[in-house]
Structure formats: C-alpha cells, structure tokens
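Tertiary structure, described
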Amino acid sequence: MNPEQAVSWFRKASDLGNADGTCSLGLCFYQGIGVEQDLLWAVRYFKKAAEGGSVRGMFNLGFCLHRGSGIRRDHEQAASWFMKAAESGHISAMYHLGRCFYTGVGVLKDLEEAASWFRQAAEKQDLSAMVSLGVCFYEGHGERRNPESAVEWFRKAIELGSVDAVNSLGVCQFLGKGVEENVQEAADSFRKAADLGSEAAMVNLGHCYYWGNGVGKNLDEATSWYSKAADLGNVYGMFYLGNSHCETAGAEIVSDLSSSWQRDQRDQEFLMGVASSVTTTTKGSPEEEEAVPILELPEEASG
C-alpha cells in the first residue's frame, strides 16, 4: 500500500466531482494517512462530500460536528446530518441517530424514535444497535418492557462477536431478568467480557468479587478490576476504586455523616449496554431501575 498514491488518486477523483473520493480524501486528512493530519481540511472535504451526495460524507460530517473535531461543536447540525445519512441507508448513522434520540442530544428526546432507529440498524447486524435495542427492551424504553426479548438480542449480538452483549447478558443472568438467575454464569460472562476489554464488565466483575457473588469474596481482586476499568477512563471504575480505598481507610472511624463508601448489596449497580452508552441497573424492581445513558462517539470517524 502506498498512502501518498492513495491520496493522489482520491484528490483526482474529488477534482472530477466524485463525492465518495472527496470523502475518502477527508478521511486521509482526518487520520493522517498519506498526508499530515489536519482536521480542518478533513471537515472541509467531508462537507463538500456530504453536499455532493456522499452518504459516508454525511455521516462523517455529523461525527465531526458532534465531537467538535475540526469545527465548532453543534449537536443539532450533527443530528441533522446523521438523519440524512440514516435515511439514505447508512447503518452507523442509524445507530448514532438512535443515540441522539435516546439521550436528547441535538434533538428532542424520544425513546420510541430511538428504539426505532436502533431496530433498523440492529436488523442490519450493527452490533452496538443490537445491544442498545436489547437495553430498550430490558428497560422498557421505546419498547414494551420485555427482558426475554432483551436477552434474545444480546445472544444474537454475541453470536456475531459483541463483547458488550456478553456483559449485558451477564447482568440479566445475575438479576434473573429474561433468563434464569445464575450468579455463577453471570460472573463467568463478566470475566469473559472483561478479559476482552469491556470496561463495564470489569466493574461488574469487581462487584462480584466485592460481595462474593459467583466467585469467592476477594476485596483485593475487586479493587484490581475496578482499577483496570479506572485506568481505561471508566468513571464508574474510578468511583468504586476510590470507594474501596476510602472504605478501608475509614473502617474504624465512627461518624454521623453519610459516607459514599457505605455500600449496600441491595443497591449495587451493574453496568449494561454498549461501552460508550452505559445503563446502570440495580436489583430493585423494574419500576425502580433508572437508566443513565452516556453519549460518546468512537475515537475515529468511519466510512
């Protein structure tokens, strides 16, 4: 492969009006392939490609607008370009548009619309959309609450290689939602996903070691898994890691204050969903569960 030659041919195609060639040229500038990385030029080419009808250009321009990469952040415009790309059949755009509706970022929050876009992308085998649709069924967000359907979508995603789905299935196994309760199998699922890099699974496995659920109780192991998640930038890993240290330090201190490290097993949180859009769920009844979605696009725009 000759990156410089690739840039040269993309530029020639772009100069002749080929919108996809323009988009590919933008990707080269975005990623620094064959040219020095320049996000400003990347956005210019994505915009030209999008306006020229390139569906990939529409998605990538929306991506940059959402992140503020090479252009001022504008969530409304980002959602608008995601919509155009999604309506033109871009699968990743369908998924990201669903997340916009799920969180109310750039559009009015609409869980039914979110679930609809997740379903469209999921039916085209987008793994993140499959997991997100499963979460919608689990939580009753935009779909009638149906843990069995959630598990079905998680299993489909697992068959296609989704690590996030392995973790989400583990949550269902632990809580006995949509599948028979089995904390041993849940811990095994968390470990499998954690070993493959799932931050959420690392936190969940830490919980298992903390309380001795499905594994032998081991506070050192719990702290180790929280630490691994924290080192990857996971905010829940950071919180529970700090909590573990404070719990140890304050074990002999009597106080009337409410300490965040005074944990109750009945209120323990489990992280479910795609790595960048986490939902926390507890062992309470479905009506007591609360979803906390966190929107964060991938590190790199994709065609």
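Located above this text is the structure these notes cover.
Here's a quick rundown of the structure. Only a predicted model underlies this, so the values are computations on that prediction, with no experimental measurement involved. (Residues numbered from 1 in each chain as written. Predicted model: local features only at pLDDT ≥ 70, side-chain atom pairs only at ≥ 80, totals over all residues. Heavy atoms only, no water.)

This brings us to the overall build of the chain. From N to C terminus, the chain includes 14 helices and two strands. In the chain, once contacts between residues fewer than 6 apart in sequence are set aside, the share between residues at least 24 apart is 51%. (Helix = DSSP H or I, 4+ residues; strand = E, 2+ residues; numbered from the N terminus. Contact = heavy atoms within 4.5 Å.)

A pair of packed helices can be characterised by two numbers: the angle between their axes and the separation between those axes. Put simply, helix α10 (residues 163-175) and helix α12 (residues 199-211) touch, their axes get as near as 9 Å, and they point 30° apart. In terms of orientation, α10 and α12 fall into the roughly parallel class. Like other packed secondary-structure pairs, α10 and α12 cross with a definite hand, here left-handed. Contacts between α10 and α12 involve N167, V171 and F174 on the former and, on the latter, A200, A201, N204 and C208. Classifying every residue of the contact of α10 with α12 gives five nonpolar, two polar and no charged. (Axes fitted to C-alpha atoms, helices over the stretch in contact; angles between N-to-C directions. Parallel < 35°, antiparallel > 145°, perpendicular 65-115°, else oblique. Left-handed = near helix turned anticlockwise from the far one by under 90°. Nonpolar A, V, L, I, M, F, W, Y, C, P; charged D, E, K, R; others polar.)

Direction vectors running N to C along helix α4 (residues 55-67) and helix α5 (residues 75-87) enclose 160°, while the axes themselves pass 8 Å from each other. By the criterion of interaxial angle, the relationship of α4 to α5 is roughly antiparallel. Two packed elements cross with a definite hand, and for α4 against α5 that hand is left-handed. Note on element contacts: α5 touches α4 through H75, Q77, A78, W81, F82, K84 and A85, opposite V55, M58, F59, L61, G62, F63, L65 and H66. For the contact of α4 with α5, the residue count by class is 10 nonpolar, four polar and one charged.

A few words on α12. Across its 13 residues, α12 extends 19 Å between first and last C-alpha, which sits within 8% of the 18 Å expected from 1.5 Å per residue. In terms of residue burial, α12 counts as a mostly covered element, since 12 of its 13 residues are buried. Among all positions of α12, only A200, A201, M202, V203, N204, L205, G206, H207, C208, Y209, Y210 and W211 are buried. Directly after α12, the chain includes G212, whose backbone phi takes a positive value near 75°. (Expected span 1.5 Å × (residues − 1). Buried < 20%, exposed > 50% of the residue type's maximum accessible area, 1.4 Å probe, protein only.)

Time to look at helix α3 (residues 39-51). If you check α3, its first and last C-alpha atoms are 18 Å apart, about what 13 residues at 1.5 Å a residue would give, namely 18 Å. Of all the positions in α3, only A42, V43, Y45, F46, A49 and A50 are classed as buried. Projection of α3 onto a plane perpendicular to its axis shows the buried side chains occupying an angular sector of 165°, all on one side. If you follow the buried residues of α3, they end up packed against α1 (3-15), α2 (19-31), α4 and α5. (Arc of directions from axis to C-beta.)

In this section: a negative patch on the surface. Taken together, E180, E181, E185 and D188 make up a surface patch of like negative charges. Note that D188 resides in helix α11 (residues 183-195). In this structure D188 comes out as partly exposed when scored by relative accessible area, which is 41%. (Patch = residues over 30% accessible without salt bridge, like charges linked within 9 Å, V, L, I, M, F, W, Y side chains within 5 Å. Areas by Shrake-Rupley, 256 points an atom, 1.4 Å probe, with all protein chains shown as cover. Salt bridge = Lys/Arg side-chain N within 4 Å of Asp/Glu carboxyl O. Lys, Arg positive; Asp, Glu negative; His and termini not counted. Charge placed at Lys NZ, Arg CZ, Asp CG, Glu CD.)

Another aspect to go through is the packing of aromatic side chains. For the structure on display, the rule yields 13 aromatic pairs. Arranged with centres 6.2 Å apart and planes meeting at 50°, the rings of Y102 and F118 form a pair that is tilted. Of the two residues, Y102 sits in helix α6 (residues 91-103) while F118 sits in helix α7 (residues 111-122), which places them 16 residues apart along the sequence. According to the relative accessible area criterion, Y102 is buried, its value standing at 6%. Site record: aromatic cluster; members linked through ring pairs are F29, W41 and Y45. Above the ring of W81, the side-chain terminus of K84 is found at 4.2 Å from the ring centroid. Taking the ring centre of W225 as reference, the NZ or CZ of K228 above it sits at 3.9 Å. (Phe/Tyr/Trp six-rings, centres within 6.5 Å; stacked < 30°, edge-to-face > 60°. Lys NZ or Arg CZ within 6 Å of the ring centre and 35° of its normal.)

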